[in-house]
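An overview of the molecular structure
The chain contents come next:
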Amino acid sequence: MRCRRNRQLASFAYSISHDLRTPLRHMMGYGELMLGLDSVGQDPEARSCVEAVLQAGSKMAVMMEALLDYSSNRQAEPRCQWVDLPVLLADIAAQLVGGADRPPRLEWPDEARVWADPALIRIVFQNLLGNAIKYSSKHPSPRVSVTCSAGIDMDEIAVEDNGIGFDMKHADRLFGVFQRLHAESDYPGHGIGLANALGIVRRHGGQIGFHARPNEGARFVVSLPRPPQTRG
């Protein structure tokens, strides 16, 4: 069953990379050529139309790359080792808030580690930390915290913010591909990050829980199994 799913995902990725990317690249190329024509460049309405096409094409290209990443990550078999979580979070945060006018207050434990594939778990926390930073960015005093709890069989890592939150009645859409709970004009993104994160965590044998309220922030909890030799 898994081999068949992997073949389907590989076919899906090929379709995106070949059957869709090539015509999109042609469309973008011809659009850029049209902008160089006097008949278009000197006509504000025509220029606006072509620029709208190019903008939509650029957005489509980003979404296609996100789908390719999603497909690839769902096929990858985790190669687990102990990952130093504070080091990982500090590196991710430096990339996410670098140059921000009003960076959030970030908190995480001085010592914590998780049993995971280093490259894949980075993607998980890039998405969770990135969302927490993004959705708390309009709060007067944005704050994002990460806490860790070690259990007998599972470790739990909670990412919490004091941002816009969401209504739990829409929670069934949360991990859907290209599903959004907030307007893209207010909070940009391609709407695939949480689906990607959940797929990766499940491949580790874990799960993601969550709770939120409108205008009261959100809390996501990643549960990851410990290696068998450390369990009670």
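A short tour of the structure in this document, coming up. (Residues numbered from 1 in each chain as written. Predicted model: local features only at pLDDT ≥ 70, side-chain atom pairs only at ≥ 80, totals over all residues. Heavy atoms only, no water.)

**Section: the packing of aromatic side chains**
Quick note on the threshold: Between the rings of Phe, Tyr and Trp (Trp by its six-membered ring), a pair exists once the centres lie within 6.5 Å; its type follows the angle of the planes, with under 30 degrees stacked, over 60 edge-to-face, and the other angles tilted. Secondary structure elements are defined from DSSP: runs of H or I of at least 4 residues count as helices, runs of E of at least 2 residues count as strands, and each element is numbered from the N terminus. For every residue, the accessible area obtained with a 1.4 Å probe (protein chains only) is divided by the maximum for its type, and the residue is called buried under 20%, exposed over 50%, and partly exposed between those limits. Put simply, a charge is over a ring when the Lys NZ or the Arg CZ is close to the ring centre, within 6 Å, and near the line of the ring normal, within 35 degrees.
Under the criterion given, the structure shown has four aromatic pairs. Aromatic side chains Trp82 and Trp115 sit 5.4 Å apart centroid to centroid with 65 degrees between the ring planes, which places their arrangement in the edge-to-face category. Taken as a pair, Trp82 in strand E1 (residues 81-84) and Trp115 in strand E3 (residues 113-116) lie far apart in primary sequence, 33 residues in all. Note on Trp115: relative accessible area 24%, which makes it partly exposed. Centroid distance Phe166 to Phe210: 6.4 Å. Interplanar angle 50 degrees. Geometry classified as tilted. Placement of the pair is Phe166 in the loop between strand E5 (154-161) and helix H6 (193-203) and Phe210 in strand E6 (residues 207-212), with a sequence separation of 44 residues. Look at Phe166 and you get buried, because its relative accessible area is 8%. Over the face of the ring belonging to Trp82 we find Arg113, whose NZ or CZ atom lies 4.0 Å from the ring centre.

**Notes on the side chain of Ser136**
Counted only if it meets this: Definition of a polar contact: a pair of N or O atoms within 3.5 Å, with one able to donate and the other able to accept a hydrogen when the atoms are protein atoms, and with sequence-neighbouring residues admitted only if both atoms are side-chain atoms. We call two residues contacting when some pair of their heavy atoms lies within 4.5 Å.
Mapped onto the elements, Ser136 comes out in the loop between helix H5 (118-135) and strand E4 (143-150). Ser136 gets classed as buried once you look at its relative accessible area, which sits at 0%. One polar contact links the side chain of Ser136 to the main-chain carbonyl oxygen of Ile133, over a distance of 3.4 Å. Not counting residues within four places of it along the chain, the set of residues in contact with Ser136 comprises Pro142, Arg143, Val144, Asp161, Asn162 and Gly163.

**Comments concerning the nonpolar core**
Defined as follows: We define a nonpolar core as any set of buried Ala, Val, Leu, Ile, Met, Phe, Trp, Tyr and Cys residues linked to one another through side-chain atoms lying within 4.5 Å.
Core analysis: the largest hydrophobic core is formed by 36 residues, its most contacted members being Val124, Phe125, Leu129 and Phe220. Elements with a contribution of two residues or more to this core: helix H4 (85-97), E3, H5, E4, E5, H6, E6 and strand E7 (218-225). For this core, the element with the most residues is H5, which contributes eight residues. When residues no more than four places from it in sequence are discounted, the contact partners of Phe220 are Leu128, Ile157, Ala158, Val159, Phe166, Leu174, Phe175, Leu194, Ile208, Gly209 and Phe210. In this structure, Leu24, Val50, Leu54 and Met64 belong to the second largest nonpolar core, which totals six residues.

**A few points about the packing of H5 against H6**
Basically, it comes down to this: Think of each axis as a best-fit line through the C-alpha atoms, taken over the contacting stretch in the case of a helix, with angles from 0 to 180 degrees between the N-to-C directions. Crossing handedness is read from the near helix: turned anticlockwise from the far helix by less than a right angle, it gives a left-handed crossing, and turned clockwise, a right-handed one. Residues are grouped as follows: Ala, Val, Leu, Ile, Met, Phe, Trp, Tyr, Cys and Pro are nonpolar; Asp, Glu, Lys and Arg are charged; all remaining types, including Gly, are polar.
At a minimum axis distance of 9 Å, the contact between H5 and H6 shows a crossing angle of 145 degrees. The interaxial crossing formed by H5 with H6 has left-handed handedness. Within the contact between the two elements, H5 uses Leu120, Ile123, Val124, Asn127, Leu128 and Asn131 and H6 uses Gly193, Leu194, Asn196, Ala197, Ile200 and Val201. Here the residues of the contact of H5 with H6 are counted per class, giving eight nonpolar, four polar and no charged.

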